[in-house]
Every structure is written in C-alpha cells, then in structure tokens.
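# Understanding the architecture of this molecule
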Amino acid sequence: MSKTPEETALERIREAKKSEAGTLDLKELGLKDLPEELWELTNLKELHLQGNNLSALSAKIADFVNLSSLDISNEPFARPGRPRNRIARLPDELWKLPELRKLNISFNAFAEIPDTLWQKKGWELLGLGGFKLASLPPEIVQLQNLTTLYLSGNQLASLPPEIVQLQNLTDIGLHGNPLEIALPTRWLGSQYFGNNEAQKILAYYKELDEEGGNPLGEVRVMVVGEANAGKTKLLRALLKGEVGESFVDARNPTDGIEVNTFGGDDIALRFWDFGGQEIMHATHRFFLSRRCVYILAADSSQDRDYNEEKIEYWLELIKFFGGDSPVMLVATKAEQFSLDVNQSRLQEKYPNLVKSPILHTSAKSGQGIQELHKSLFELAKKLPTASVILPKSFLAVKDALEKMKEDEKVKVIEDAIYRKLCAENGISEEERQDTLLQLLHDMGVVLHYEDDERLSDFGILNPDWATGGVYKIVTNTKIKESRGRFALRQVEEFLNDKEKYPPSMRRRIVDLMKKFELSYEIPLEKDTFILPSALPADQPALDGWDKPAMTFEYRYRILQVNVLHRFMVTNNDLISGGQIWYSGVVLKKGDNQCLVRADFRDKKINIKVKGVEETRKDFLYFIRTQFERIHGEEVKPDEYIYPAQYPELPLRFDDMKTLAKSEKDYKAVYKGQAVTINLRELLDGFVTAEERHEDEKRDEKEPGRERGGSNTYINNTINVQGDMMGNATVGNENMISSITNPAFKEELGKLTKEVKSLLQKLEDTPNKEELKENLENLQEEMERPKPRKKFYQVSVEGLAQSARNLNEVGKPVLELAMTIIKLLHSMP
Ligand SMILES: Nc1nc2c(ncn2[C@@H]2O[C@H](COP(=O)(O)OP(=O)(O)OP(=O)(O)O)[C@@H](O)[C@H]2O)c(=O)[nH]1
Ligand SMILES: [Mg+2]
C-alpha cells in the first residue's frame, strides 16, 4: 500500500529537517492542512505548495525568516475533481518576511491582489494569474528587480507604459488576456507560464508608442460545415447578392479555402470559406484559430440525426482550435425545409454557441440573408479582435500584401520582396520584419513556417493559393484509381492551370503536402508518393494476427480521419511490406510488429503489438508517443488496454494504474464469468520504464494526480536514462522542464555523440549533409548561454527526419531524438 499524502508530507518534512534542506516540495499532494511540524523548519528558503487543497496559510509563516520563495499557485485548467488551493487571504506576517522575493499566488480564490504586495519592492518573481486584473498599477515600475511576471488569465487590455522601464524583466506570461495590442501568439506564453520574450514585448510596446497605431478593424469569419451544406452559396448570397434569379443551382465544391472580404462602416469581415469534404479537414488545424467568428452551416434538407451528429463534430473541432470564439449556427436551404435540432442541449454543451434563435437562410429565396448580415456585424463588432491595435506601418504592409494577393493573384512572396515592402513602409529592422511576419501568419494573411527550415526557405505563401494547390492534388480521382499512389510528374497534370501553378512552384505544393502530413514519399522510390486518404478501403489478408496480442485502444469523442493518416505519413518508414489501407496499417520495428486499425464509425483506434516480449512494450510506447504528438494538447481520447487472457475485455488504462497503487487484483466479469486480474502483471505488460517516468513527471506538473508511491506498478529495473530523469524530477522544481537543466543537456550530449558516430558510417549524400548541418546547429545552440527551445526543436526534429530517411542505420539517432522531442514538448 502506498503512503497517504499526509504521510508523504511528513516524511519530506522530516527529511528536510534532518538534512537542513533549504527547499521543501509539498506540491500536488492534495493536503487540506499543513502538518504542524512544517513550522519547525525555520531555515527554509523555498516552499512549494502548489496544487494542494489549502484554504488558508498560517501566520506561523512569520517564523520562516529566511524564506525567499513561496508558491501556492494552481494550474488554471486542472481536471475537475483534482485538488486545488483556494486561498483567499494571505497572513499579514507574510509581507514582513525580509527575504521573500518570489511569490506565485496564481489561480487561487483571492478577490483581488492584496495592496500590500505592491508595497514590497524587492520582488523577482510574481505569479498573478487568474485575477481578473484589468490593469497593472503604475507602482509596477518600482519593482526594478522583477525578472518574471506571470499574468495569464487576467483581463488586461493593455500594459502600463511605465512597464518598459523594467529592464530586468525577461519572462512575462500574457496568455488569455484581451490585449488590445496585437502580439504574436507565441510571445504570450502558456496558460500558466511566460515565454521568455518579455524584452521583445516591451520593445514592441515602446516602438508602437513612438510610431502610433491604428485598430485592425477586421474580424475573420470562418465558415465551416459539411460538404454540400451550402456554405459557398450562402456567402455568395451575402456578399454578392446572388439570390433569387441570380442563384444558380449547381454543385461546385470548394477546393481548399477561399477568402473574401466584406467591408462594413467601421469594420471589415474577412470570410474564410472552407471546403467541407473530409479530406479538407486535414488542414483545418493550420487555419481554424481563436478570436474569430464561426458560422456553422447546417443543411436543412438533411435529417435530424445527420445534422446533430455533424453539428457536434464541428462544435468539437471549433472548441479545439477556436477556443471560446462565438459560433453562429446557420440553417441553409431553408426555402423548403426547416432545420430540426435540439438547440438547447447543444447550447448547454457548447456555451460558445450564440444564444439566439437559429437563423434559417436560403440562398435560393434570399430568406434570412439580411438578418444574417445584421447579426454578423453586431457579433463581430463586440469581439476584442475588432479593435486590436497594430503599428501603422504594420497595417500598411498588411494592406499592401492583401492587395497584392487580390489584384495580382500573388502566389509566393519571396523573402526579399517582403523585406523590401517592409522597408518601404518604414520597417527596416529585420527583427521587426520577423515580428510582423509572425503576426501576419497568426492572422492568416500569409503562410509562413518559420520553425520549419525547409518551408521557411520557400518563402511566404498566399494561403488560398497554397491550399488550393494542395487540394487540387488530393481530390484528384486518378490517385484513388491508382490505389493512393502518385508520381511527381503527375502533379503537372493535376495542377493543369499553368498560370496559377507554374512548373517551378509545383515542388512547393508537394512539400506543403508533406508539411501538412497529407502524403509521404515512398522510401527508396524517389518522386513517388502515397496519399493515405486515397488508399483503397479493403483490408489486405493479415497473417498471424488472429492470436492474442498486446492490445491498446484510443476512444475519441470525435475521430478525424486524418489522425490515422497523419500517423501513417509520419511513420511511413516502418510500414511492413506495403500493408497499408484506408483505415489501417502494419508497422515493423526490429522483431516486433504492430497492427493499427481505425474504426471511424465507433471512433476508435486499436493497436495490437506482437513479437518479442522484452521489447514489444517499448514499441507500443513509441507508437503511443507518435499518436500523442498528433493529438496535441487539444485531443484527449480515453485509453484502454486489453488483458492477453481476456482479449475482449477493455480496461481503462488510467484506472488500472491508479488501482495498482493500492490493490493487487482487479475483479471483472468476462463472458459471464467472474475473473481476477493481477494488476501488476497486467500493467507490466504495458508500462515501460520510460512511461513510468513520464507519469511521475506529469504527477509533478498536474495538480492532484495521485503521486504513486515507490515502484508500485512496475517491477522493471530502471534504465540509466530513466534514473537520470527520475532524479531530475525529484526536487523542488520541474527541473527537467527546462532546457538549461544539466540532465537535459546530458541527453543532448548523447544525441550528438550518436549522430557523430552515424556520420562516420555514411557515404556522402544530401542526407548526410543535412544531418551534419542539423548537428552543427544543435551544437551551436548548446553553446549559447541562453539556448532557445525553438532552435533545439528545429535541429532535433531535423535530425530525427534525416535519421528516419536512413531507415535501419538511423534508428539509434531517431530514438534518442524522439525522446528529446518529447522532453521539449513537455517544457513550458
Ligand atoms: N435549394 C437550395 N439549394 C442550395 C442552396 N444553397 C446551396 N444549394 C445547393 O447545394 C449545393 C452545395 O452548395 P455549396 O454552396 O457549393 O456547398 P458548400 O457547403 O460550399 O460545399 P463544399 O464547398 O463542398 O464544402 C449546390 O448544388 C447548391 O446549388 C439553397 O439555399 N437552396
Ligand atoms: Mg464551398
């Protein structure tokens, strides 16, 4: 049996007392009260209490005269039911502690920030997330030692001008504030932390102040819904008055995205018309964004079941990508039919669904079009984005680019041309040009993948043009006829509009398809590609999969086809003997094989692994990390495992892990019989040493996940790397979650060593060159006093890709690189 949180706390307190430690970590234990013995640790310098169940802090804190750092924060969106501190008042004694310089009180129950806080001037770190703070007091400028300021989840529309005087500020978190000044999203930090871009933000504010800004005056309207729902016709009716006589009833599916602008008196609406065919959904994640208005079109001529299912699908997708952007549900083709759905149920489930009666429209009769026009403008005007401010010069460049796109049908804006355009508009520093480029990408004016060297090379793309090209290829029926295969030379035929897609640009479109993870080049078959979405539906004969195998399953609320297809694309080097079809694939790695199959109707992906007992769970773990990357932060499917003896008994993976901490057996009913499952044996078949450490790390990060006692659900010996990581996470901070952490550096060291030894084995090829280049970039970054996560990411991902291209010989590098990528992903 594992220890209770109180026992764990006491044990740590006693250890700290014995070793006269300066730091005590009692975070995420779910403690309601702090043990009395704590107050005896009068030498304490750092106290971590985040993610407990505390409702008050004792005045005894006065005895901690050496305390320099106190953290009682919570994460903003911990899962319901997890413990969280609800402290509403801090004892007066706290403010008198002479050494206290770091204080994180984010996401508690305070009505407001205690005034006394501003009277202390020595702060180095302040965590003030989730305070509904509408403005920062001017006193902030007196905090000249401040390096870190977390302000996520407040109501800040602006920062006081004085803030630019904070010269030591390096890290500021502004995520989730209705800022009236447009900042590149990536500068804002996560829901909890900052992004080490404070000085950039301050410089930006200063420049904006000097130059002057204007409101963007524009809101994006994303029009989504099933294919054939009538989205394009609706927009034509709205924007061009094509109703009644001028309505032409003809099917003309939208390829990709079409953008149209509609000017109003004081605000312009920019409509994004998304093609509704399923294949188009694969790129939505690049375009559906926050701070937009969504129109969800539902076809009144379809029946209720169809519409309710599809509407929920889209509402879920919008929730992932659009955050709390408002959604208008618009019924189309209403001249003859009436959309019949349970609106109040949907509203309960999706609070961002606009609370007014569904608009019934018809492009054919013109019904409801005026009303839609009126409601849209009203809604858009209220969005903070409408009044967001940008420097005048930025707006000038943006307008020039929009004009270039509209008038000249520009496809690609070469870097030099972009920079020249900036310079002409008074933006001469490269850094400011880059900032603007990020903003333009965030706003969907251009596509530019700064992180991806291959794509940043090929310039700044017009999104309509680029996605249009991509979808011309992927929707071509010829690819389906040839069972998902196509050759580069065929692209010429698919993109037959020579003016729009000159031969020199075709390769870029194909590269973009790779970036979007829509297709892959067959290893060893140059210039031949597979498009998984065009694969035949037929499952080939599968050999030897009828015996029980280790089975894992994801169950989704909505399952997008592209989750599986992206998995196929990114792991194409492991596909075994061409066994790939529309809904499944067989992979092979070493002595193990893995069968991955999706059931799109039941919204499940089932994974079976067979092979050598010692390594197959590592293979499964690898597969899961691949899916996790695809799921990202948004998609969180339930995970199930199946015991080998009871192959039709799904068990929730998380529940089994939790149970295993206190129980030996799990009792279930299988095919009418009571059965007992030994939990340790069960989990030992699934949980790798690496995963155990991942879980522990998550325990550290996620408030309230029960901390496992010692090695309770796995009896593996921990490998060297696991040990290193394990140690790194025990202690006072999430040490591994920092790129400056020595343990992390050590991992990087291992990778560079492995790459060097690989280089020695290779003959001169472009792949070797790429590998070398990425290695150099990585080493250069490692030598910087302040390495940047983004650059690590780019070079390690580059290394992984090159290693992948090398197949078998690249495996050791690939595996190390994947571990590091995972670590990087877990870092704030
Ligand atoms: N009767 C009727 N038919 C309509 C109406 N609006 C659209 N349609 C028809 O529905 C079909 C699809 O219309 P589109 O506007 O192209 O549909 P879409 O949602 O843009 O389709 P995708 O671009 O493939 O996603 C066409 O045949 C239209 O003529 C309407 O108000 N009434
Ligand atoms: Mg359309």
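What you see is a predicted model; the values in this text were computed from it and never measured.

For the rest of this paragraph, the subject is the environment of Lys636. Position of Lys636 relative to the elements: it lies in the loop between α19 (613-631) and β26 (638-642). Residues Lys636 and Tyr554, spaced 82 residues apart in sequence, show a C-alpha to C-alpha distance of 9.2 Å.

Inspection of every chain in the model, using the stated rule, returns 25 aromatic pairs. Centroid distance Trp95 to Trp123: 6.4 Å. Interplanar angle 90°. Geometry classified as edge-to-face. One end of the pair, Trp95, is in helix α2 (residues 92-96); the other, Trp123, is in the loop between α3 (115-119) and β5 (125-127), and 28 residues separate them in sequence. As far as burial versus exposure is concerned, Trp95 and Trp123 are alike and both buried. Ring centres of Tyr554 and Tyr556 lie 6.1 Å apart, and the angle between their planes is 50°; on these two criteria the pair is classed as tilted. In this arrangement the basic side chain of Lys610 is found over the ring face of Trp545, its NZ or CZ atom lying 4.4 Å from the centre.

A grouping of Glu769, Glu773, Glu776, Glu780 and Glu783 is seen on the molecular surface, where their side chains present a negatively charged patch. Inspection of the secondary structure assignment puts Glu783 in helix α25 (residues 766-783). Residue classification places Glu783 among the exposed positions, given a relative accessible area of 66%.

We now examine the sheet that holds strand β19 (residues 520-521). Strand pairing in a sheet relies on backbone hydrogen bonds, with the paired strands running either antiparallel or parallel. Taken in spatial order, the 3 strands of this open sheet run β18-β20-β19, and their pairing is antiparallel. Every other strand in the sheet has two partners, leaving β18 (485-487) and β19 as the edge strands with one partner each. Where β19 lies against strand β20 (residues 528-530), 2 bridges are found, and the strand directions are antiparallel. Paired with Glu521 across the bridge in β20 is Phe529.

So, about the pairing of strand β23 (residues 584-589). Residues in a regular strand project their side chains so that they alternate between the two faces of the sheet. β23 sits mainly inside the fold: 5 of its 6 residues count as buried. Both strand β22 (residues 575-581) and β23 contribute to a ladder of 3 bridges, which runs antiparallel. Within the sheet, the bridge partner assigned to Ile580 lies in β23 and is Val585. Connecting β22 to the antiparallel partner β23 that follows it, the hairpin turn spans 2 residues. In the sheet, β23 pairs with strand β24 (residues 592-599) via 6 bridges, with the strands oriented antiparallel. Residue Leu587 lies in a different strand from β24, and its bridge partner there is Cys594. As consecutive antiparallel partners, β23 and β24 are separated by 2 residues, and within that stretch Gly590 has a phi angle of approximately 60°, a positive value.

Around ligand 1 sit 22 residues, and of these Thr232, Asp249, Thr254, Gly276 and Glu335 come closest. Side-chain polar atom of Glu335 to a nitrogen atom of ligand 1: 2.7 Å apart, as the coordinates give it. With respect to ligand 1, the side chain of Ser362 contributes an N or O atom lying 3.4 Å from an oxygen atom. Isolated, ligand 1 exposes 650 Å² of accessible area, and the fraction of that covered by the protein chains is 93%. Grouping the constituent residues of the shell around ligand 1 by class yields 7 nonpolar, 7 polar and 8 charged.

Before going further, it helps to examine the coordination of the magnesium ion (ligand 2). Metal coordination angles in their ideal form are 109.5 degrees for the four-donor tetrahedron and 90 or 180 degrees for the six-donor octahedron. Donor atoms from the polypeptide that bind the magnesium ion (ligand 2) are Thr232 (OG1) and Thr254 (OG1), placed at 1.9 to 2.0 Å. Of the two residues, Thr232 sits in helix α5 (residues 231-240) while Thr254 sits in the loop between α5 and β10 (257-263), which places them 22 residues apart along the sequence. Its relative accessible area of 22% is what places Thr232 among the partly exposed residues. Thr254 sits in the buried class, given a relative accessible area of 8%.

Contact pair α25 / helix α26 (residues 789-805): the axes reach a minimum separation of 9 Å and the direction vectors enclose 155°. Here α25 is positioned roughly antiparallel relative to α26, judged by the angle of their axes. As for the relative orientation of α25 and α26, their crossing is left-handed in sense. Contact with α25, carried on its side by Asn767, Glu770, Leu771, Asn774, Leu775, Asn777, Leu778, Glu781 and Met782, involves Phe791, Tyr792, Val794, Ser795, Val796, Gly798, Leu799, Ser802, Ala803 and Asn805 of α26 and no other residues of that element.

This next bit is on the environment of Tyr670. For Tyr670, the location among the structural elements is in strand β28 (residues 665-670). A residue is classified by how much of its surface remains accessible, and Tyr670, at 12% relative accessible area, is buried. Residues Tyr670 and Val585 lie 85 residues apart in sequence; the distance between their C-alpha atoms is 29 Å. Leaving out residues up to four positions away in the same chain, Tyr670 has contacts with Tyr646, Pro647, Glu648, Leu649 and Val675.

Further remarks concern the sheet that holds strand β3 (residues 69-71). In space, the 7 strands of this open sheet follow the order β1-β2-β3-β4-β5-β6-β7, with parallel pairing throughout. Only two strands of the sheet have a single partner each, and these edge strands are β1 (23-25) and β7 (171-173). Each strand of the sheet is rotated relative to its neighbour by a mean of 5°, with strand direction disregarded. Strand direction decides the pairing type here: β5 and strand β6 (residues 148-150), joined by 3 bridges, are parallel. Across the sheet, Leu125 pairs through a bridge with Thr148, a residue of β6.

Its 17 residues give α26 an end-to-end C-alpha distance of 24 Å, which sits within 8% of 24 Å, the value for a rise of 1.5 Å per residue. Taken together, the buried positions of α26 are Tyr792, Gln793, Val794, Ser795, Val796, Gly798, Leu799, Ala800, Ser802, Ala803 and Arg804. Residue Asn807 follows α26 closely and has a positive phi angle near 55°.

Right, let's get into the environment of Glu180. Along the chain, the position of Glu180 falls in the loop between β7 and α4 (198-211). You can call Glu180 partly exposed: its relative accessible area is 38%. Through-space distance from the C-alpha of Glu180 to that of Val388 is 4.4 Å; in sequence the pair is 208 residues apart. For Glu180, the contacting residues outside a window of four places in its chain are Ala157, Ser158, Ser387, Val388 and Ile389.

Calculation rules
- Residues numbered from 1 in each chain as written.
- Chains lettered and ligands numbered in written order.
- Predicted model: local features only at pLDDT ≥ 70, side-chain atom pairs only at ≥ 80, totals over all residues.
- Heavy atoms only, no water.
- Helix = DSSP H or I, 4+ residues; strand = E, 2+ residues; numbered from the N terminus.
- Phe/Tyr/Trp six-rings, centres within 6.5 Å; stacked < 30°, edge-to-face > 60°.
- Buried < 20%, exposed > 50% of the residue type's maximum accessible area, 1.4 Å probe, protein only.
- Lys NZ or Arg CZ within 6 Å of the ring centre and 35° of its normal.
- Patch = residues over 30% accessible without salt bridge, like charges linked within 9 Å, V, L, I, M, F, W, Y side chains within 5 Å.
- Areas by Shrake-Rupley, 256 points an atom, 1.4 Å probe, with all protein chains shown as cover.
- Salt bridge = Lys/Arg side-chain N within 4 Å of Asp/Glu carboxyl O.
- Lys, Arg positive; Asp, Glu negative; His and termini not counted.
- Charge placed at Lys NZ, Arg CZ, Asp CG, Glu CD.
- Pairing = 2+ DSSP bridges.
- Near = heavy atom within 4 Å.
- Polar contact = N/O pair within 3.5 Å; in protein donor to acceptor, adjacent residues only side chain to side chain.
- Nonpolar A, V, L, I, M, F, W, Y, C, P; charged D, E, K, R; others polar.
- Donors = N, O, S within 2.8 Å, 3.2 Å for Na, K, Ca; no water.
- Axes fitted to C-alpha atoms, helices over the stretch in contact; angles between N-to-C directions.
- Parallel < 35°, antiparallel > 145°, perpendicular 65-115°, else oblique.
- Left-handed = near helix turned anticlockwise from the far one by under 90°.
- Contact = heavy atoms within 4.5 Å.
- Expected span 1.5 Å × (residues − 1).

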